[in-house]
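Residue strings, one per chain:
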Amino acid sequence: FMDNPSSPATRKPVSHTKWWVGTAVVGVILVLINLASPWITFSGKKVTSQTISGFGIAGHISGIGKIAPYLLIFLAVVAFCLAVYAWIRKHSPYQVNLGFITTGCLGLFLSLWQISAIRNQFLEGDYTTTQYHIGMWGSILGFFFITLSGIMILREVSATFHSRSG
């Protein structure tokens, strides 16, 4: 029983790290593509409708909102660099996983903050309806994929660590 290489007692655990790193790269691509796509359309009875992309939000928000799209790009590039590092190293160190989780959560927070700020600003005026487009959902999904990748790799690394030490 113990000499059989296919038995559960002698089989090496399957690593899904590269699959999750690939998922993070897909998230980065989703974020970068969807920043230029339409995010929100505002319309009203007395005004023409206005569609705003991820980059277009910067023109309508004051303060940190002006640089928010560039921060989203920066976070996506950081996540891509972490993915390349994890892929080259053939394993994903603890810091890379925390980097995925941090960049993904910050990107989600910043995206949702932008949407909330622009929505509040437009709905104070003559605009009455809001329509959300694929660009917004794609960016949010991309940052979700980045966060999920970090969590799943961290879970896999900690399970491997506990199985070796136990």
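The structure reproduced in this document is the subject of the present report. Computed from a predicted model, the values in this text were never measured in an experiment. (Residues numbered from 1 in each chain as written. Predicted model: local features only at pLDDT ≥ 70, side-chain atom pairs only at ≥ 80, totals over all residues. Heavy atoms only, no water.)

## Structural notes on helix α2 (residues 68-89)
Then comes step 1: In this model, α2 (22 residues) spans 32 Å end to end at C-alpha, consistent with the 32 Å of a helix rising 1.5 Å per residue.
Then comes step 2: Restricting attention to buried positions, one finds in α2 the residues A68, P69, L72, L75, A76, A79, L82, A83 and A86. Taken down its axis, α2 places every buried residue within 140° of arc, on the same side. Facing away from the buried side of α2 by more than 90 degrees, the exposed set consists of Y70, F74 and I88. (Helix = DSSP H or I, 4+ residues; strand = E, 2+ residues; numbered from the N terminus. Expected span 1.5 Å × (residues − 1). Buried < 20%, exposed > 50% of the residue type's maximum accessible area, 1.4 Å probe, protein only. Arc of directions from axis to C-beta.)

## Quick word on the environment of M136
Then comes step 1: For M136, the location among the structural elements is in helix α4 (residues 134-165).
Then comes step 2: Between the C-alpha atoms of M136 and S111, which are 25 residues apart in sequence, the distance is 8.1 Å.
Then comes step 3: Once residues lying within four places of it in the same chain are set aside, the contact partners of M136 are P38, W39 and I115. (Contact = heavy atoms within 4.5 Å.)

## Section: the packing of α2 against helix α3 (residues 94-123)
Then comes step 1: Taken N-terminus to C-terminus, the directions of α2 and α3 make an angle of 160°; their axes are 10 Å apart at the nearest point. Taken together, the axes of α2 and α3 are roughly antiparallel relative to one another. The handedness of the crossing between α2 and α3 is left-handed. Here A68, P69, L71, L72, L75, V78, A79, L82, A83, Y85 and A86 of α2 come into contact with α3, specifically with V96, G99, F100, T103, L106, G107, L110, S111, W113 and Q114.
Then comes step 2: Tallied by class, residues from the contact of α2 with α3 come to 16 nonpolar, five polar and no charged. (Axes fitted to C-alpha atoms, helices over the stretch in contact; angles between N-to-C directions. Parallel < 35°, antiparallel > 145°, perpendicular 65-115°, else oblique. Left-handed = near helix turned anticlockwise from the far one by under 90°. Nonpolar A, V, L, I, M, F, W, Y, C, P; charged D, E, K, R; others polar.)

## Remarks on a nonpolar patch on the surface
Then comes step 1: A contiguous nonpolar surface patch, about 310 Å² in accessible area, is contributed by F55, I67 and Y70.
Then comes step 2: Its place among the elements puts Y70 in helix α2. (Patch = residues over 30% accessible without salt bridge, like charges linked within 9 Å, V, L, I, M, F, W, Y side chains within 5 Å. Areas by Shrake-Rupley, 256 points an atom, 1.4 Å probe, with all protein chains shown as cover. Salt bridge = Lys/Arg side-chain N within 4 Å of Asp/Glu carboxyl O.)

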